[in-house]
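# Tertiary structure, described
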Amino acid sequence: MSDGTARPLHVDVAVVGAGPAGATAAIAACAAGARVVVVDEADAAGGQIWRRPALPRPVPALDPRPDPRPDPGASTAGAAGAGPDRRRGDALREALASSGAVPLLGVRLWSVLAIGGRFRLDGVGGDGPVSIDAARLVVATGTSERVVPFAGWTTPGVVGLAATTILLKAFDTAPGRRTLVAGAGPLLAAVAAGIIAHGGTVAGIVDLNGRADWVRALPALARQPALALKGAGWLAAVRRAGVPVWHRHAVRRAHGGKVLEAVEVGPVDPGGRPCGPTRAIAVDALAIGNGLSPGTEITRLLRAEHTFDRARGGWHAVAGPSGATTIPGLYVAGDCAGVLGAEAAVRSGAAAGAAAAGGGHGGGGRGGGAGPRGRSVGAAMSRLTALRPAQVAAIADETVVCRCEDVTAGAIRTAVDAGAHDLNQMKHFNRCGMGPCQGRMCSDIAGEVMAIRLTGATDPATLDRARTRIGQLTGRVPLRPVPLGQIIGSFDYDDIPVPPPAPL
């Protein structure tokens, strides 16, 4: 009989996430003398931004015509697909490999529990169940990509900006032959430059921000010359390719059936409200993203205190300078503690790893050890991608918000009118957030739709107070969908111990 359980690996510090923050935390904890294990779903450390290429050669082009892309071995330095990010990722992977931390990569965690002052982590990897018993836990789970829904956003060919960076970095391929890049923030230029470097055509960039918004971010960028130089390189590539840029515009609708055929875009006001005529652009791919939301599944599951901060991506765990949360022994690092970017993530990872190794507990507060320059740049970029209430208010009733359960914006508004005034009530009314993603992709937008419906307001200050009252979805297991057979293993029913019946 195999019951599918695994003998727990006992360590001082478990780190969940092997991106810039998590890997740095593991290295720092090892350096402080702790026994450390680092767990990640990916098969290599590096996270989203410093991702290791998955294939030695590009995947075949989806289009049967000759592939116009250059040799993948050609230099793409400065683009989203290679260059400094890949080198920094290689350096991080080498440092982690030599740190002494036990890497459990390709492992999908489905449960994290706090038991008797320690942490029990359960997951499934390629070799079967994995179980970890840790005295302290560092959560560095990064973010989920946010897309503000619009008509046709589920059409094949519509992909996220972050998903596009995976295509570029891991698979050396562009999302289509002719791609429109849309949304908000620095990923727009990074993705456009990456597509160009991989031989794709960028039909245009649709930027929710106006030029004045970018000008306001320049002083913060000037404090990080390396980042500013990287951004300038992306913009130069975009200009050399003659890519049109429409500032203060947004996508209104995606046209197509089984494949994307065209995207309709139009101007918006500073709050994101549509205002003016649209134009249709023929493309076979749309790469779109409206910022990032902190990954709070584990900290919610462990009932740590959270706070809502629109400028840092929304809900995130309350943490002190060392990353210590309100749960003893639980630390957070990187963007899951509030979106501030990769440079800040490295600093916060080092602080959290060292603190976890020493067993310190900094109590509540915010900051995350990011360092003033890292926080300044990260905060400026996060403001550019903050959710725009008027854009959410414009989502049509018939537009799907929860893709897992096909729950529309109209169904969410109807639930509010019927008395659902917090996010968990709304989930009970219409199953929004109850699907396989557990609300990772929809709960932020659903909460904003509810706040607007409850208050009738679109100013961020009013809505932020409403969002605090509406709350988050309660964290529950499984954290990720996993095959049930890998958890329970194989067994004979005759082997199941049955207690004697209670006396009558």
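Worth saying up front: this structure is predicted, and the values here are computed from it rather than measured.

Before going further, it helps to spend a moment on the sheet that holds strand β9 (residues 178–183). Strand order in this open sheet of five strands is β8-β15-β9-β10-β11, and the pairing throughout is parallel. Pairing within the sheet leaves two strands with one partner each, and these edge strands are β8 (158–160) and β11 (245–247). Neighbour to neighbour, the strand axes of the sheet diverge by 20° on average, direction disregarded. Of the pairings in the sheet, the one linking strand β10 (residues 201–207) to β11 comprises three bridges and is parallel in character. The residue of β11 that forms the bridge with Val206 is Trp246. Packed on one face of the sheet, helix α3 (residues 161–171) meets β8, β9 and β15 (285–289) and runs near 85° to β8.

The topology assignment puts Thr296 in the loop between β16 (292–294) and α7 (297–301). Of the residues examined, Thr296 reaches a relative accessible area of 5% and is grouped as buried. Apart from the residues within four sequence positions on either side, Thr296 is in contact with His306, Trp315, His316, Cys336 and Gln472.

Let's shift gears to the packing of aromatic side chains. By the definition in use, this model includes one aromatic pair. Arg403 extends its terminal NZ or CZ atom over the ring of Trp153, reaching a point 4.9 Å from the ring centre.

In terms of nonpolar packing, the biggest core is built from 28 residues, with Ala14, Val112, Leu121, Ile132, Leu137, Ile298 and Leu330 touching the most fellow members. For this core, the secondary-structure elements that each account for two or more residues are β1 (9–16), β2 (36–40), β4 (108–115), β5 (118–125), β6 (128–139), α7 and β19 (330–332). No other element matches the five residues that β6 contributes to this core. Each residue touching Ala14, except ones within four places of it in the same chain, is listed here: Val37, Leu121, Ile132, Ala134, Arg136, Leu137 and Val138. Ranked by size, the runner-up nonpolar core spans 27 residues in total, among them Val36, Ala140, Ala324 and Ala355.

Our focus in this paragraph is the environment of Arg383. Structurally, the position occupied by Arg383 is in helix α9 (residues 372–385). Along the sequence, Arg383 and Gly313 sit 70 residues apart, while their C-alpha atoms lie 8.7 Å from each other. Apart from the residues within four sequence positions on either side, Arg383 is in contact with Ala311 and Arg388.

This paragraph deals with a nonpolar patch on the surface. A contiguous nonpolar patch, built from Leu484, Ile488, Phe491, Tyr493, Ile496 and Val498 and spanning about 640 Å² of accessible area, is present on the exposed surface. Turning to its location among the elements, Ile496 is positioned in the segment after α15 (484–488).

Time to look at the sheet that holds strand β14 (residues 279–282). Taken in spatial order, the three strands line up as β12-β13-β14 in an open sheet, and their pairing is antiparallel. Only two strands of the sheet have a single neighbouring strand rather than two, namely β12 (249–256) and β14. Taking the axes of each pair of neighbouring strands and ignoring which way they run, one obtains an average angle of 30° across the sheet.

Moving on to helix α8 (residues 342–358). With 17 residues, α8 should reach 24 Å at 1.5 Å per residue; the first-to-last C-alpha distance of 24 Å fits that figure. Buried residues of α8: Ala342, Ala344, Ala345, Ser348, Gly349, Ala352, Gly353, Ala355, Ala356 and Ala357, and no others.

Another point: the pattern of salt bridges. Opposite charge on two side chains makes pairing possible when the charged atoms of those side chains draw close. For the coordinates displayed, the defined rule picks out 20 salt bridges. One salt bridge in this structure joins Asp213 and Arg216, with 2.4 Å as the shortest N-O distance. Here the residue Asp213 and the residue Arg216 both occupy positions in helix α5 (residues 211–222), the gap between them amounting to three residues, near one helical turn. Judged by its relative accessible area of 13%, Asp213 is buried. As a salt-bridge pair, Arg431 and Glu405 come within 3.0 Å of each other at their nearest N and O atoms.

The next point concerns the side chain of Asn430. With respect to the element layout, Asn430 can be found in helix α12 (residues 423–430). Given a relative accessible area of 17%, Asn430 falls into the buried group. Within the structure, the side chain of Asn430 is placed 3.0 Å from the backbone nitrogen of Cys432, a separation counted as a polar contact. Discounting residues that sit within four places of it in the chain, Asn430 has contacts with Val407, Ala411, Ile412 and Ala415.

Let's shift gears to the pairing of strand β13 (residues 260–267). If a strand is regular, its side chains alternate between the two faces of the sheet. Within β13, seven of the eight residues are buried, which leaves the element mostly enclosed by the surrounding structure. Strand direction decides the pairing type here: β12 and β13, joined by seven bridges, are antiparallel. Looking across to β13, one finds that Ala254 is bridged to Val263. Hairpin connection, β12 to β13: the antiparallel pair is bridged by three residues. In this structure, β13 lies alongside β14, joined through four bridges in antiparallel fashion. Following the sheet pairing, Val263 is matched in β14 by Ile281.

What follows deals with unusual backbone geometry. Glycine aside, negative phi is the norm for most residues, and most peptide bonds take the trans geometry. Between Val477 and the following residue, Pro478, the backbone shows a cis peptide bond with an omega angle of 0°. With respect to the secondary-structure elements, Pro478 resides in the loop between α14 (460–470) and α15. Here Asp172, not a glycine, exhibits a phi torsion of approximately 50°, which is positive. Secondary-structure assignment places Asp172 in the loop between α3 and β9. The buried category is assigned to Asp172, whose relative accessible area is 12%. Even without a glycine there, the phi angle at Arg431 is positive, about 75°.

Here we come to empty space enclosed by the protein. Throughout the structure, instances matching the rule amount to six cavities of 30 Å³ or more. In terms of lining residues, the largest cavity is bounded by 21 residues, among which Ser293, Pro294, Thr296, Ser443 and Asp444 are the most central. Those elements that provide at least two residues to the lining of the largest cavity are β16, α7, β18 (314–317) and α13 (443–455). With three residues, α13 is the largest single contributor of residues to the lining of the largest cavity. For the lining of the largest cavity, the per-class residue count stands at four nonpolar, 12 polar and five charged.

What counts and how
Residues numbered from 1 in each chain as written. Predicted model: local features only at pLDDT ≥ 70, side-chain atom pairs only at ≥ 80, totals over all residues. Heavy atoms only, no water. Pairing = 2+ DSSP bridges. Helix = DSSP H or I, 4+ residues; strand = E, 2+ residues; numbered from the N terminus. Axes fitted to C-alpha atoms, helices over the stretch in contact; angles between N-to-C directions. Contact = heavy atoms within 4.5 Å. Buried < 20%, exposed > 50% of the residue type's maximum accessible area, 1.4 Å probe, protein only. Phe/Tyr/Trp six-rings, centres within 6.5 Å; stacked < 30°, edge-to-face > 60°. Lys NZ or Arg CZ within 6 Å of the ring centre and 35° of its normal. Core = buried A, V, L, I, M, F, W, Y, C linked by side-chain atoms within 4.5 Å. Patch = residues over 30% accessible without salt bridge, like charges linked within 9 Å, V, L, I, M, F, W, Y side chains within 5 Å. Areas by Shrake-Rupley, 256 points an atom, 1.4 Å probe, with all protein chains shown as cover. Salt bridge = Lys/Arg side-chain N within 4 Å of Asp/Glu carboxyl O. Expected span 1.5 Å × (residues − 1). Polar contact = N/O pair within 3.5 Å; in protein donor to acceptor, adjacent residues only side chain to side chain. 1 Å grid on protein atoms, 1.4 Å probe; cavity = no way out; pocket = protein on both sides within 12 Å on 5 of 7 lines; lining within 4 Å. Points joined across faces, edges and corners; volume = space filled by probe spheres on them. Nonpolar A, V, L, I, M, F, W, Y, C, P; charged D, E, K, R; others polar.

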